Amino acid sequence: VAQTFEEISASDFFYRNRDIAGFTNPSRAIFAAIRELVENSLDAAESLRVPPDIYVRLSFEGEASKETQIYKLRVEDNGIGVPPRHIPSAFGQVLFGSKYKLKQQRGTFGLGGKMAILYGQITTHQPACIISSTGTTKIYMYKLMIDIQRNRPIIMDRKIFLNKEQWRGTIVEFSLEGDYLRAMTKILDYFKQTAMVNPYANLTFVDPKGRLYKFTRVTTEMPEPPRETLPHPYGVDVELLQRLIQVTPHNNMLEFLKKHFHRVGEITAQKFLEFAGISPSKNPKKLSHEEIVRLMHMLKRFREFLPPDASCLSPLGEELLKAGIMKELKPEFVAVHQRKPATYAGHPFIVEVGIAYGGEVPKKEGFVIYRFANRIPLLYDEASDVSVKVINSMNWRRYKVTPDMPIAIVVHICSTKVPYKTVGKEFIADRPEVRREIANGLREVARQIQHFLTRKEHVDRERKKLGFFSKYLPKIAQFSTQLAGKEKTPNVEKLLRSLRRFGAEEA
Amino acid sequence: LEQKKHKTSIVEKRNEVLTSLRNFGLKIYEQLDSGYFPSITMPSRSTENIYYDPQLRQFILGNKEVRRSARNIRHLKPFTQLVWAAAFSHELTSQRKTSTLRDVYYSAQAYEMTFKDQQESNNIVTDLETVLGLSREDFNIFPEERSAVFGDLTIEYTVPGYEGRRLNLTSHPDGVLIGPALTSAEFVETTADKVIAIEKGGLFTRFIEENVHKKFNAILVLTAGQAPRATRHFIRRLNKELNLPVFIFTDGDPWGMHIAMVIISGSANAAHLRELNTPDAKWSGVWATDIVRYKLPTDPLDEVDKKRLLELQRDPRYKDPLWQREIKTFMKIGRKAEQEAFSRYGLTYIVDEYLPAKLEETK
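Residues numbered from 1 in each chain as written. Chains lettered and ligands numbered in written order. Predicted model: local features only at pLDDT ≥ 70, side-chain atom pairs only at ≥ 80, totals over all residues. Heavy atoms only, no water.

Within chain B one finds 13 helices and 17 strands. Counting across all 363 residues of chain B, residues that qualify as buried make up 56%. Across chain B, the fraction of contacts at a sequence separation of at least 24, relative to all contacts at a separation of at least 6, is 73%. Entry remark: accessible area of chain B is about 16000 Å², with carbon and sulfur atoms responsible for 50%. (Helix = DSSP H or I, 4+ residues; strand = E, 2+ residues; numbered from the N terminus. Buried < 20%, exposed > 50% of the residue type's maximum accessible area, 1.4 Å probe, protein only. Contact = heavy atoms within 4.5 Å. Areas by Shrake-Rupley, 256 points an atom, 1.4 Å probe, with all protein chains shown as cover.)

Another aspect to go through is the sheet that holds strand β8 (residues 153-156) of chain B. The pairing of strands in a sheet happens through backbone hydrogen bonds and is either parallel or antiparallel. All names here are of chain B. Overall, antiparallel pairing links the 3 strands, which are arranged β9-β8-β11 in an open sheet. The sheet is open, and its two borders are formed by β9 (166-168) and β11 (186-190), each paired with just one other strand. Within this sheet the neighbouring strands show an average axis-to-axis angle of 25°, counted without direction. Two strands pair when backbone bridges link them, and β8 and β11 are joined in this way by 4 bridges, in the antiparallel orientation. Bridging from a neighbouring strand, Glu-156 pairs with Glu-186 of β11. Of the strands in this sheet, β8 and β11 are in contact with helix α8 (residues 229-241), which crosses β11 at around 55°. (Pairing = 2+ DSSP bridges. Axes fitted to C-alpha atoms, helices over the stretch in contact; angles between N-to-C directions.)

Taken together, the contact pairs 32 residues of chain B with 27 residues of chain A. A salt bridge links Asp-33 of chain B to Lys-488 of chain A, with the shortest nitrogen-to-oxygen separation between them at 3.5 Å. Where chain B touches chain A, the interface holds 3 residue pairs in polar contact (both at pLDDT 80 or more). Mapped by element, the contributors of at least two residues to the side of chain B that touches chain A are α1 (3-33) and α2 (73-94) of chain B. Ranked by the residues each element gives to the side of chain B that touches chain A, the list is headed by α2 of chain B, at 12 residues. Residues belonging to the side of chain B that touches chain A are distributed by class as follows: 19 nonpolar, 6 polar and 7 charged. (Salt bridge = Lys/Arg side-chain N within 4 Å of Asp/Glu carboxyl O. Polar contact = N/O pair within 3.5 Å; in protein donor to acceptor, adjacent residues only side chain to side chain. Nonpolar A, V, L, I, M, F, W, Y, C, P; charged D, E, K, R; others polar.)

Turning to empty space enclosed by the protein, a few remarks are in order. The probe, sized like a water molecule, is rolled over the atoms to show the empty space still left. Residue and element names in this part refer to chain A. Within this structure, the stated rule accounts for 3 cavities of 30 Å³ or more. Of the pockets and cavities examined, the largest cavity occupies roughly 50 Å³. Together, 12 residues line the largest cavity, and Leu-230, His-232, Gly-346, Pro-348 and Thr-416 are the ones closest to its centre. Broken down by class, the residue content of the lining of the largest cavity amounts to 6 nonpolar, 6 polar and no charged. (1 Å grid on protein atoms, 1.4 Å probe; cavity = no way out; pocket = protein on both sides within 12 Å on 5 of 7 lines; lining within 4 Å. Points joined across faces, edges and corners; volume = space filled by probe spheres on them.)

Our focus in this paragraph is the packing of helix α5 (residues 180-197) of chain A against helix α10 (residues 318-329) of chain A. All names here are of chain A. Packing of α5 against α10 brings their axes to within 7 Å, and their N-to-C directions diverge by 145°. Side by side, α5 and α10 meet where Lys-192, Ala-195 and Met-196 of the first sit next to Gly-324, Ile-325, Lys-327, Glu-328 and Leu-329 of the second. Split into classes, the residues belonging to the contact of α5 with α10 amount to 4 nonpolar, 1 polar and 3 charged.

It is worth spelling out helix α12 (residues 321-333) of chain B at this point. Side chains of residues three or four places apart in an α-helix project in the same direction, reflecting 3.6 residues per turn. Residues and elements named next belong to chain B. Under the 1.5 Å per step criterion, the end-to-end length of α12 is 18 Å for 13 residues, consistent within 8% with the ideal 18 Å. Taken as a whole, α12 has its buried residues at Trp-323, Gln-324, Glu-326, Ile-327, Thr-329 and Phe-330. The backbone nitrogen of Leu-322 lies 3.1 Å from a side-chain oxygen of the residue at the head of α12, namely Asp-320. Gly-334 occupies a position one or two residues after α12 and carries a positive phi of about 60°. (Expected span 1.5 Å × (residues − 1).)

So, about the pattern of salt bridges. Residues and elements named next belong to chain A. Taken as a whole and assessed by the stated rule, the structure comprises 55 salt bridges over all chains. Note that Glu-224 and Arg-49 form a salt bridge whose closest N and O atoms lie 4.0 Å from each other. Taken together, the positions of Glu-224 in the loop between β8 (212-215) and α6 (238-247) and Arg-49 in the loop between α2 (26-46) and β1 (53-63) put the pair 175 residues apart, joining distant regions of the chain. Residue classification places Glu-224 among the exposed residues on the basis of a relative accessible area of 56%.

Residue and element names in this part refer to chain A. Read across the open sheet, the 8 strands follow the order β5-β4-β3-β6-β2-β1-β7-β8; overall the sheet is mixed. Looking at the sheet topology across the chains shown, the edges are occupied by β5 (152-162) and β8. With strand direction ignored, the average angle separating the axes of adjacent strands in the sheet is 15°. Where strand β3 (residues 128-134) meets strand β4 (residues 138-147), 5 bridges bridge the pair, whose relative direction is antiparallel. Looking at β4, one finds that Ser-132 is bridged to Tyr-140. Of the strands in this sheet, β1, β2 (69-77), β6 (168-178) and β7 (202-206) are in contact with α2, which crosses β6 at around 175°. Docked against the sheet, α5 engages β1, β2, β6, β7 and β8, running at close to 170° with respect to β7.

So, about unusual backbone geometry. Cis geometry is found at the peptide bond from Gly-285 of chain B to Val-286 of chain B, where omega equals 5°. Position of Val-286 of chain B among the secondary structure elements: in the loop between β15 (282-285) and α10 (288-293). We note that Asn-151 of chain A has phi near 50°; this positive angle belongs to a residue other than glycine. Turning to its location among the elements, Asn-151 of chain A is positioned in the loop between β4 and β5. Judged by its relative accessible area of 8%, Asn-151 of chain A is buried. Despite not being glycine, Asp-381 of chain A shows a phi value in the positive range, around 55°. Relative to the helices and strands, Asp-381 of chain A resides in the loop between β13 (376-378) and α11 (386-393).

The subject of this paragraph is the nonpolar core. Judged by nonpolar contacts, the single largest core of 68 residues is most densely connected at Ile-196 and Phe-207 of chain B. Not counting residues within four places of it along the chain, the set of residues in contact with Phe-207 of chain B comprises Ile-196, Ile-198, Val-212, His-213, Leu-220, Ile-350, Val-351 and Leu-355 of chain B. Grouped together as the second largest cluster of nonpolar side chains are 47 residues, Ala-33, Ile-87, Ile-117 and Ile-130 of chain A included. (Core = buried A, V, L, I, M, F, W, Y, C linked by side-chain atoms within 4.5 Å.)

Across a regular strand the side chains alternate sides, sitting on one face of the sheet and then on the other. Residue and element names in this part refer to chain A. Sheet topology places β4 next to β5; 10 bridges connect them, and they run antiparallel. Bridge pairing in β5 links Ile-146 to Pro-153. Count of turn residues in the β4/β5 antiparallel hairpin: 4 residues, of which Asn-151 carries a positive phi of about 50°.

So, in structure tokens, the structure goes:
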């Protein structure tokens, strides 16, 4: 019996495994498509340090089946734009380009909107339309399809317009099958929460019924963009080592270590090579597979590497987090806290937390929890998330917080490698380093809300007290006047005023 | 009988009550009018401040006082309720209307003075009693009535619409309810030479049917269990104003004993009040020793009965040898008997044999 082995392309692979990228079912797919494109747009604007203006429109095209419909999705941004020669590959070829450097980034798979476009093509057989300009005198428009077997873009049409108004940005428009009605709640949650951690962005969404949802920026301040950084020795795997060896111009181990790894200098490199029993002059390209595996183990075992620094991270910062929470929840009180950078397995991360009370915090049993990773909301599998575990294990009564209070808790973790638990990338794994940072952060904001609640309790008590006196003193005056057979009722206003000034003391 | 003296006493009493209430109101009015948070002091009714006075032969309150101030947030509501209750009582008394504790509870709502429950409003009425040193019947708040009186006593009503009208208390074979009207009535004349108080309605009716009031020249009072305060006060008046000795017949158990004792020596709950008890009244039966002597059909004492006996044994009101002897006998025989137990010897045995013997014994 002859067996046939066939090689499949990256597009084909993702087509066959679209569940991994979140395109599990029609409602999930429409949510994932919007999300991928919005996050691309946010990154595109932020890389220019321009406050993002993003317009999303989902319009009804026709019925596809009993439960699903065809929609047209259009996403416009004011981002950096795509140079014309890259447009076909950037939108029509999966896994185009590769990265040897690390920085915090939003896109869940580095697939950006390509998976969304691929999904649209699979379900509707329509080309995608990409319009982009980098702010030059020209605007480029491409109509593309993806050749799934060969993982190549097919250019159906191409037009060039004059850019009279010096527009800069990208517009992506394509059709896809989906179930908006079932996805609606998640999509609206997604926009609201995205607005919360991107308070400097304008987000506009027009849904298939023509309803307009507008999230307006409250600031033009933006967080420091992340810097690209080299991989830290504790965080490498064999795959990465092999790729580095392939591209390195250096032909000895000492230089190789110094040039391709984060926080490795001359002395550290020498000490490590001695520790690992590798000659500093050995050519990395001559390492055998076994030697590479051994190198990885030794890198992880060496105790003297400095921890990674956090310059590659771009946390939101306390001011912006606060502004975002204020903007979306309008709470009576908010406290935020940013932890110092920490690391797990060679990956730096920063935890930011916030707590909000009252205002427009949704009322429900227990706390409302908003989880974010690298400034994108996590909307699924809340119960499995480490933040939820930490929140549930805390003794909130100690901080005067009770489950019936209108309280929202925000946890944001940013990292070059967010420790997701599963391929679905919807919740954070319970790693001790991460758990500790979240717990310490929450304790800090809990202390602050405790102060607030204590003060609030005091003010409420005083107000209630005064209300009590205002209710009963006039009655005492009335009844005693009647009883004493007097004409004029004594004026109790002065007594009530004295309470206001000094607060009611217990007699 | 010195009718005039009694008549004056009822009117005087009402004037005294009205003056007390007005003075209480005036005190509060003046404090408020001078710009102070009003406050009052009254004897404490806490258990540490309740003493047994062997001379008065009743419980009294000691010297401890409590201060209630409108400045104190915890006192404010009860204080207001107290002033309201005083104003309400003043209205009742001056218009010669009566009301019940339940009425008080509901009437308060008309003034946005809602009480949490009946207990709260009862407490306020008790506070008012303590402040004024008067019992609530004096300011026309009565409990629900169940007790009755029967016998040759002529009374004269003082309640509006009946002023001057007379009634002989043998007029109705079921007896006459001891309610507000009777409580405030004057005693005019009587041929009786004793009072017999009876715990149970069945026996009270039997006594009337068997002409006990004639045979023994007695006024019969039904206490219907623990005697209401109006009834206790009524018995006291029969004793003090008409000089009639009082004999009490109850069931032969610790609870019956205590019904008699409260008529004689009062209760701790009413330690702030005077003139509710009749120290010279006698408990005539059914004694524990009667159970033995008359070989009465019995029930065993249960745990609650035994516990109650131990409490009574330590109670200062029970220090008299007769009471101690009866408590011990109950404990020894471990049995109890109801008044109806005498029916074993025929329906009239209790009237023909037992009653005369006991009246003689406890004279």
